[in-house]
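Now for the letters of each chain:
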Amino acid sequence: MTEITIPVADLQIGYYIKLPMSWKSHPFLLNAFCIKDSNQLAQLRSLGLTELTVIPEKSKIAIIPSQSELPIEPETPEPPPEISASKQQQQQLKRTLRHAEKSYAESAMQLKDAFAQLGAKPDASLATIGTLVRNLAGQLLQDEGPYGLQSVRVSPQSDPLIVHSLNVAILSMLMAKELGWSRLEIEDAGTAALLHDVGELRVPHQILYKRTELTKAELSYMHMHPQYGFDLLTTIHACTPKIRNAVLQHHEWLDGSGYPKKLTAEKLSSLSRLLAVTDFVDELLHPRNCQLAINPNQVLFRLYKKSGKQLDASLTQLLIKLMGIYPPGSFIKLSDESVGQVISSHPIHPRQPVILPYVRGQRPETAELIDLQIDERQITCAIDAHDLTNTQKSFFSLEHHFCFYFYSYSVITAC
């Protein structure tokens, strides 16, 4: 069937035209139709196109030869624009995920090296931490658009102290950005978060990773790690007093029920309050005893219960907003009964995250991600990880930790 291209200005009622765009991008019911009246003709000319494809055989009137160009030879049909756009976004979603996993792994390696040198080479250690924080801040501030949290799989053999410290830093820096803090304040939040548990290096491993309940003496030892961290940083003349105090106070709660000094709200800095919130959340997600870990969506309920009593209300509300109703790592069921895992939270639309769906017979790397911002399906409920089938557990690699990295949503939507 012959197709010709003519200027939009030469269109007439009765021409059968094809629109080179998704049906979502124009006001018509179909992408190909016969122009029936002057209203449709005016709408076509308002789309901003310079020319359109016309099919003479389907048109109700003859195409005026002087207004047409040479016939278009049949070519291999190209995929519809909506498929092309979908494929492009799918590539960007997976590229964002790979970038997050790579950046997280590199950051964890730098932090591990820094902690290994902290005692013998404190200057080199602190220089590495400073570079790491500046790099994280640079990635977080390179785009003005909204940022969300991206799920990152981490090996179960990873050092728990490194993973926890990096998670708290990512959450803290993202919150600091949302609070409108300056770049220096965001970097301070990152430095304090990376070092907040450095005092645990002085706590015996048999206490840190004990599988059973700690004795009273062991608990007292454990509760001294903020003081140990403060003393260590003071001894090596590391960081500012603001950061050292935040390390000392990150387990202090507003009502005085925290430790090690049982300080109350009026004595706690904004940075200390911030660390208290982010540390609490990640300890629930990645406790030293992994058997006590709870699902990400249950964390929000625990956080909400302490809001305004032990933890700063405005900060807890902000973190709940950033993590989304279904935080990254949560398992959910969609309206078509399919099961999936939340890969990233949406910074503006918390009920519409990006999902990795379980697909029988596929690997996670080949399954197409679902962005609920553009997909008609909806989340119907959260699922406990223990309720997954063995096949689903294997697909989602439950032996791995699901940690966080930040990403710019505007980068995805721009593609």
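Fair warning: this is a prediction, and the values are worked out from it, not measured in the lab.

## Section: the overall build of the protein chain
Part 1: Secondary structure assignment for the protein chain yields 14 helices and eleven strands.
Part 2: Once local pairs closer than 6 in sequence are excluded, the contacts in the protein chain between residues at least 24 apart make up 68%.
Part 3: Counting every atom, the protein chain has about 20600 Å² of accessible surface; 53% of that belongs to carbon and sulfur.

## Considering the side chain of threonine 96
Part 1: Within the secondary structure, threonine 96 is located in helix 2 (residues 81–117).
Part 2: In terms of polar contacts, threonine 96 uses its side chain to reach the backbone carbonyl oxygen of glutamine 92, at 2.8 Å.

## Details of empty space enclosed by the protein
Part 1: Enumeration according to the criterion identifies two cavities of 30 Å³ or more in this entry.
Part 2: In this model, the largest cavity occupies a volume close to 40 Å³.
Part 3: Residues belonging to the lining of the largest cavity are distributed by class as follows: six nonpolar, one polar and three charged.

## Here we look at the packing of helix 10 (residues 270–285) against helix 11 (residues 296–306)
Part 1: Interhelical geometry of helix 10 versus helix 11 gives an angle of 140 degrees and a closest axis separation of 10 Å. Compared by their axis directions, helix 10 and helix 11 come out oblique. At the point where helix 10 passes helix 11, the crossing takes the right-handed sense. In this structure, helix 10 uses Val277, Phe280, Val281, Leu284 and Leu285 to contact helix 11, whose residues at the interface are Pro296, Val299, Arg302, Leu303 and Lys306.
Part 2: Residue composition of the contact of helix 10 with helix 11, by class: eight nonpolar, no polar and two charged.

## Section: the environment of threonine 5
Part 1: Mapped onto the fold, threonine 5 is located in strand 1 (residues 4–7).
Part 2: Sequence separation between threonine 5 and alanine 313 is 308 residues, and the spatial gap between their C-alpha atoms is 62 Å.

## Brief notes about the pattern of salt bridges
Part 1: Evaluation of the coordinates by the stated rule reveals ten salt bridges.
Part 2: In this structure, the salt-bridge partner of glutamate 3 is lysine 18, at a minimum N-O distance of 3.1 Å. Residue glutamate 3 is located in the segment before strand 1, and its partner lysine 18 is located in strand 2 (residues 16–18); the two are separated by 15 residues in the primary sequence.
Part 3: Owing to a relative accessible area of 23%, glutamate 3 belongs among the partly exposed residues under this scheme.
Part 4: Aspartate 312 is paired through a salt bridge with arginine 273; the nearest N and O atoms lie 3.1 Å apart. Within this pair, whereas aspartate 312 is found in the loop between helix 11 and helix 12 (313–323), its partner arginine 273 is found in helix 10, the two being separated by 39 residues in sequence.
Part 5: Of the residues examined, aspartate 312 reaches a relative accessible area of 12% and is grouped as buried.

## Describing the pairing of strand 8 (residues 354–357)
Part 1: The side-chain alternation of strand 8 yields two buried faces, one formed by Val354 and Leu356 and the other by Ile355 and Pro357.
Part 2: Pairing of strand 7 (residues 339–344) with strand 8, which is carried by four bridges, proceeds in the antiparallel orientation. From the neighbouring strand, valine 342 faces strand 8, where its bridge partner is isoleucine 355.
Part 3: Inspection of the sheet shows strand 8 paired to strand 9 (residues 370–371) by two bridges, in the antiparallel sense.

## Quick word on the side chain of glutamine 249
Part 1: Of note, glutamine 249 is situated in helix 9 (residues 241–249).
Part 2: When its relative accessible area of 9% is taken as the criterion, glutamine 249 is described as buried.
Part 3: Side-chain polar atoms of glutamine 249 contact the side chain of serine 272, separated by 2.7 Å.
Part 4: The contact partners of glutamine 249, leaving out residues within four places of it in the chain, are Leu263, Lys267, Leu268, Ser269 and Ser272.

## Some words on the sheet that holds strand 2
Part 1: Sheet architecture is open: four strands sit in the order 1-4-2-3, paired in antiparallel fashion. Sheet topology places strand 1 and strand 3 (32–34) at the edges, where each strand pairs with a single neighbour. Neighbouring strand axes in the sheet, compared pairwise and without regard to direction, differ in orientation by 40 degrees on average.
Part 2: Sheet analysis places strand 2 next to strand 3, joined by three bridges and oriented antiparallel. Bridge pairing in strand 3 places lysine 18 opposite alanine 32.

## A look at the pairing of strand 7
Part 1: Most of strand 7 is tucked away, with six of its six residues classed as buried.
Part 2: In the sheet, strand 6 (residues 331–334) pairs with strand 7 via three bridges, with the strands oriented antiparallel. Within strand 7, the position partnered with phenylalanine 331 by the bridge is glutamine 341.
Part 3: The antiparallel hairpin formed by strand 6 and strand 7 contains four residues in its connecting segment, where glutamate 337 sits at a positive phi of about 75 degrees.

## Notes on helix 9
Part 1: Every buried residue of helix 9 is accounted for by Ile243, Arg244, Ala246, Val247, Leu248 and Gln249.
Part 2: Elements that come into contact with the buried residues of helix 9 comprise helix 5 (183–195), helix 8 (225–235) and helix 10.

## Focus: helix 3 (residues 122–141)
Part 1: With 20 residues, helix 3 should reach 28 Å at 1.5 Å per residue; the first-to-last C-alpha distance of 28 Å fits that figure.
Part 2: All of the buried residues in helix 3 are Pro122, Ser125, Ile129, Gly130, Leu132, Val133, Leu136, Ala137 and Leu140. Mapping the buried residues of helix 3 onto a view down its axis gives an arc of 165 degrees, with all of them on the same face.

Rules behind the numbers
- Residues numbered from 1 in each chain as written.
- Predicted model: local features only at pLDDT ≥ 70, side-chain atom pairs only at ≥ 80, totals over all residues.
- Heavy atoms only, no water.
- Helix = DSSP H or I, 4+ residues; strand = E, 2+ residues; numbered from the N terminus.
- Contact = heavy atoms within 4.5 Å.
- Areas by Shrake-Rupley, 256 points an atom, 1.4 Å probe, with all protein chains shown as cover.
- Polar contact = N/O pair within 3.5 Å; in protein donor to acceptor, adjacent residues only side chain to side chain.
- 1 Å grid on protein atoms, 1.4 Å probe; cavity = no way out; pocket = protein on both sides within 12 Å on 5 of 7 lines; lining within 4 Å.
- Points joined across faces, edges and corners; volume = space filled by probe spheres on them.
- Nonpolar A, V, L, I, M, F, W, Y, C, P; charged D, E, K, R; others polar.
- Axes fitted to C-alpha atoms, helices over the stretch in contact; angles between N-to-C directions.
- Parallel < 35°, antiparallel > 145°, perpendicular 65-115°, else oblique.
- Left-handed = near helix turned anticlockwise from the far one by under 90°.
- Salt bridge = Lys/Arg side-chain N within 4 Å of Asp/Glu carboxyl O.
- Buried < 20%, exposed > 50% of the residue type's maximum accessible area, 1.4 Å probe, protein only.
- Pairing = 2+ DSSP bridges.
- Expected span 1.5 Å × (residues − 1).
- Arc of directions from axis to C-beta.

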